[in-house]
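As a plain string of letters, each chain reads:
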Amino acid sequence: MDFEEAIKILDGTVFAKKKFHLKDVEVLILRGAWQGKKYYEIAEASGYTATYLQQDIGPKLWKLISEVLEEKVSKTNFQAALQRHWLASVESSNSPKTDDFTVSRAATLSQDTEENPAFNSEEELSLYNKLNFVGREKAIADLNNIFKQGAKIILVQGEGGIGKTLLSWEYLTSQGFDVILDFWMAKETANINDAKSVVEEWLKRHFQAEATGDFSFGLEKLRQKLQDRTKKVAAIIDNLEPALDKDGKFIPPHRDYVELLRVLANPSGNCVTLITSRERLGESAVSFHDYRLEGLDLQAWQQFFSSRQIKTDSPTLSAMHQAYGGNAKAMHILSGAIQIDWEGDIDAYWQTNEKNLLGERDLEDLVVSQFNRLQELDPEAYKLLCRLGCYRYQDVRSVFLDGVLHLLWDVPEGQRRRIIKSLRDRSLLDFYKGEYWLHSITKAEAVARLKASNEWEITHRKAADFWTESVKIIQSVEDYLKALEAVYHYKEIQDFNQACQVLLKERQPSSQTIVQAETLSATLSRLGFLQHINNAINIIIGYITDDYTLSILYGELGGNYHRLGDLHNAIKYYQATREKAVKCLESMPKEKIDAKIRYEIDRRIYGVGFVIAHCKLSLGESQKAIEVYEESIRLCENTNFHIFAIWSWLGLALVYSDLRWDEYDPQKASIFVKKAYQAYTQIGASITDAWWLHIYANLHSGLVYRNLGQNELALEKLEQALSYAKQIGNIQNQAQAFNGIAAVYRNQNNFEQAIEYHDRAKEILQNIDAKVDLVEVYYQMGLTYQKKGNIKKSKEILQEAIYLYNQINAPKQVAKVQKLIT
């Protein structure tokens, strides 16, 4: 028994006894325990802290498993305990005790409610799944054979409701894959996520890799991860057609999906992919096998209806099967309607509905009829079904029970689960392993009806409240995706101010080193999901009129574009945040301004100068950078924002100490760096959470001393900056320190050490797409090879720097590097 088999058994046992499934972080610990890893090793590979795993999650997990396995279980004996449980279940299943009661019990599992537990054993759960997934043995075998013949991507094509998604998931979850990358395409074209966001999420969630803002870097990182032969990886892209035009090609805003599919189709990758679509893909650049899925045969329908205790010897079933072409979704919906509303009388049902449905083979029409009938027979369930259309089922592809219950705010608590059961029994609410969602066709009808009702606004507000309240602390990719969902609900009802408040709501971060609460926007930026947060801000920013809020949003965009290397946009938004802050201050009566608000306004007025100067310097505009640094000093020196004057002195020291600038003046550089560092030592201890100050002061003073040739002092400062950066886990600052240390080794003619540190910096920065810092690595590395005497390698590296400088539109920098080459 391998780990995947073991975890399926354990999860089924937990669900059977506790009615919930194991969490991702619990599975992470179990996988590590199975592999004999210590907590700190599990933490290093996952992004969690060892303290969190060992003290917060571990004890509760071992207590839970001890309860369900009915023996004392710990991290050290977990594998043996589960092995014993598995052997006992095998012996039990081999004994001759399968009687009519067991079959009858399994046949009615889908009718059980949470109050009346559905699964008394893992065997019952397994039997329930088998009874719901029928008639696809040949399709499973076909997919296996196609992949064995060398295909990397299979397009599972067929009409709506034919069973494409269920087949794909059943195949992937039954083949022992270590990692399954999944993406559900939005039903509406306007809501489709870009391919860059998909790649970022996959890298972060499944490979614990830092998010990258550049699509090409992200694709390359994904390609490298898929080369790993130690993990069996699969991917599924569901409901592709909204992204395709009439010819089956990706629509212009989403052409990047072609490149993503090319990576997934790479013959050398250890990954197979299933794509579901109603329409054929017409991209000649993508290699794939087209597999058309047909409807289920009559035998499968007979097996399914029989499991619901509906008679199958009547000619009616054959007529229904023919009318709907064996459509799997129709099979589920019809059986639910017949069983619940017609007391299992298939003939009476068909006599009433035959004329309405025989002429219409489209499943959507059947859903419309089911909505109408549900509205007549069970108005409360109908109302919930319409409300469930508000959820997107996109970035967060399903909701758990609490998300469904939250939309029953006007129903007495004791009646809520009965209403949910009504929808599940009619197959109008899809359910799997505790997760709920609507089929895409059902969702479309639910949305249309919700819009036509008087509940459109209140439902979206309730859903937004649910997502906001359910995420108190950001601990994982799933957490930030859930928290961000509220933005889209407020967008639907045009409440952009509330959407903005979601982004600016402060939450306690999971990091133990950052004690201050931070906004969702700041958390996403810190985690590296720059494109996600920029997309969310750009949705709402055109509708915000409050100058104070705009100053904050412009500042967020400025910082994100700065890190992404879009320096011209960064400068534009930095200037905009100051303009809005000044306007806000002028319009508010000073004696009535809240102290915190006044501080935030002043911080944007005083604080953007040095970052604009930094952008100018990165663009090669050294004289303009000096002017802005000096202006920042005049504005901030000896004020509450004296820190920005210190940073600007360090900026001036960098300019005057660097030979690449015409203003090179080592004497001035020495004066400014000493002045800045002395001021830093005086105020550093008094600043709360001053890790950013410690890093910046030591890093930049170290770079200045490196430029001045004071190598020992430079190493001392840079290693101190590196130590602070490691303490808080800021890998971008670590890379900057590595690159600075590399140049110090170059000064000392220790070329091997220098190149090693350059490479370490480059690897980090490529992963997070910090273009401005990455181009500095290429520049310094080029100088290292030049001094070493390897002119050919130096020119190759400097050409990479030129390429990146062109990407960030820095022609003055390009000209300076070209002089080095010629």
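Residues numbered from 1 in each chain as written. Predicted model: local features only at pLDDT ≥ 70, side-chain atom pairs only at ≥ 80, totals over all residues. Heavy atoms only, no water.

(A) The overall build of the protein, seen in detail. Tallying secondary structure elements over the protein gives 39 helices and 10 strands in all. Taking all 822 residues of the protein together, the buried fraction comes to 57%. The contacts in the protein between residues at least 6 apart in sequence include a share of 67% that link residues at least 24 apart. (Helix = DSSP H or I, 4+ residues; strand = E, 2+ residues; numbered from the N terminus. Buried < 20%, exposed > 50% of the residue type's maximum accessible area, 1.4 Å probe, protein only. Contact = heavy atoms within 4.5 Å.)

(B) Quick look at the packing of aromatic side chains. By the definition in use, this model includes 28 aromatic pairs. On the numbers, 5.7 Å between centres and 20° between planes, the contact of phenylalanine 250 with tyrosine 257 is stacked. You'll find phenylalanine 250 and tyrosine 257 in the same group, each marked buried. With a centroid separation of 6.5 Å and an interplanar angle of 70°, the aromatic rings of phenylalanine 304 and phenylalanine 305 are classed as edge-to-face. The exposure class of phenylalanine 305 is buried, given its relative accessible area of 0%. Within the aromatic cluster, the residues linked to one another by ring pairs are Tyr599, Tyr606, Phe610, Phe641, Phe644, Trp647 and Tyr696. Above the ring of tyrosine 488, the side-chain terminus of arginine 392 is found at 3.9 Å from the ring centroid. Positioned over the ring face of tyrosine 785 is lysine 793, at 5.9 Å from the centre of the ring. (Phe/Tyr/Trp six-rings, centres within 6.5 Å; stacked < 30°, edge-to-face > 60°. Lys NZ or Arg CZ within 6 Å of the ring centre and 35° of its normal.)

(C) Structural context of the pattern of salt bridges. Inspection of every chain in the model, using the stated rule, returns 30 salt bridges. The residue arginine 223 makes a salt bridge to glutamate 220 at a minimum N-O spacing of 2.7 Å. Taken together, the residues arginine 223 and glutamate 220, both in helix H11 (residues 215-225) and 3 residues apart, mark about one turn of the helix. Its relative accessible area of 29% is what places arginine 223 among the partly exposed residues. For glutamate 220, a relative accessible area of 31% puts it in the partly exposed group. For the salt bridge of arginine 262 with glutamate 259, the shortest nitrogen-to-oxygen distance reads 3.3 Å. Of this pair, arginine 262 and glutamate 259 are both found in helix H12 (residues 256-264), 3 residues apart, which corresponds to roughly one turn of the helix. (Salt bridge = Lys/Arg side-chain N within 4 Å of Asp/Glu carboxyl O.)

(D) Main features of the sheet that holds strand S5 (residues 289-292). Read across the sheet, 5 strands follow the order S2-S3-S4-S1-S5 without closing on themselves; strand pairing throughout is parallel. The sheet is open, and its two edges are formed by strand S2 (179-184) and S5, each paired on a single side. Averaged over all pairs of adjacent strands, the angle between their axes in this sheet comes to 20°, without regard to strand direction. The sheet contact formed by S2 and strand S3 (residues 233-238) spans 6 bridges and is parallel. In the sheet register, phenylalanine 183 faces S3, and the bridge partner there is isoleucine 237. Packed onto the sheet, helix H8 (residues 137-148) meets strand S1 (153-157), strand S4 (271-277) and S5 and runs at close to 170° relative to S5. Sheet contacts for helix H9 (residues 164-174): S1, S2, S3 and S4; angle to S4, the most-contacted strand, approximately 165°. (Pairing = 2+ DSSP bridges. Axes fitted to C-alpha atoms, helices over the stretch in contact; angles between N-to-C directions.)

Geometry only, nothing functional implied.
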